[in-house]
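Structural overview
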Amino acid sequence: MTDSWMVGLARGLAVAKSRRDVPAALRLMHPGMLLETPAFGTKARGLAENERALTRFFASFPDYEVALHGHAANDETLVCWGTARMTMTGERFGVRPGGARAELPVVIQFSFQDRLIAGERFFFDLAELCAQSGVSTDAVRRTLFGVAA
């Protein structure tokens, strides 16, 4: 089985997200889509939750863009790696960002159902995002994960 259709969906999603085009991103997603961002401790299931999660993410990172550089796949899963660029804004994370644009390596694991994206796990280094954004990782972790973080 060729992975070209999976790569096409992943690249299409990267383009839609880089344009902050939530409706275009949602069209590539399965109705049961599960979006996980372990660095933020968040999960969004279904199209309505994904719409809210993406809208909130783009409010926090209004210039977000991602470039995919490579991938590996089997019959069920695609893993892509690349670079995300984004500027943290607002006070969602309990800090006042310094306004610097971060550039981070990312790894994204995709799963598929009915030839749509059914799962996305978006991995990046939260400490590096915080360092490049001029904010305290400890403060952000406390906001995201509570006092025990």
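Here's what I pulled together on the structure shown here. (Residues numbered from 1 in each chain as written. Predicted model: local features only at pLDDT ≥ 70, side-chain atom pairs only at ≥ 80, totals over all residues. Heavy atoms only, no water.)

**Focus on the environment of Thr-83**
Structurally, Thr-83 is set in strand S4 (residues 77–87). Note on Thr-83: relative accessible area 13%, which makes it buried. Distance from Thr-83 to Phe-124, taken between C-alpha atoms, is 9.5 Å for residues 41 residues apart in sequence. At a separation of 2.9 Å, a polar atom in the side chain of Thr-83 contacts the side chain of His-69. (Helix = DSSP H or I, 4+ residues; strand = E, 2+ residues; numbered from the N terminus. Buried < 20%, exposed > 50% of the residue type's maximum accessible area, 1.4 Å probe, protein only. Polar contact = N/O pair within 3.5 Å; in protein donor to acceptor, adjacent residues only side chain to side chain.)

**Points about the pairing of strand S6 (residues 116–123)**
Note that strand S1 (residues 29–37) and S6 share four bridges and pair parallel. Looking at S6, one finds that Leu-35 is bridged to Glu-120. Pairing of strand S5 (residues 101–113) with S6, which is carried by seven bridges, proceeds in the antiparallel orientation. Considered in S6, the bridge of Phe-110 is made with Glu-120. In this structure, the hairpin formed by S5 and S6 is closed by a connection of two residues, where Asp-114 is found at a positive phi of approximately 55°. (Pairing = 2+ DSSP bridges.)

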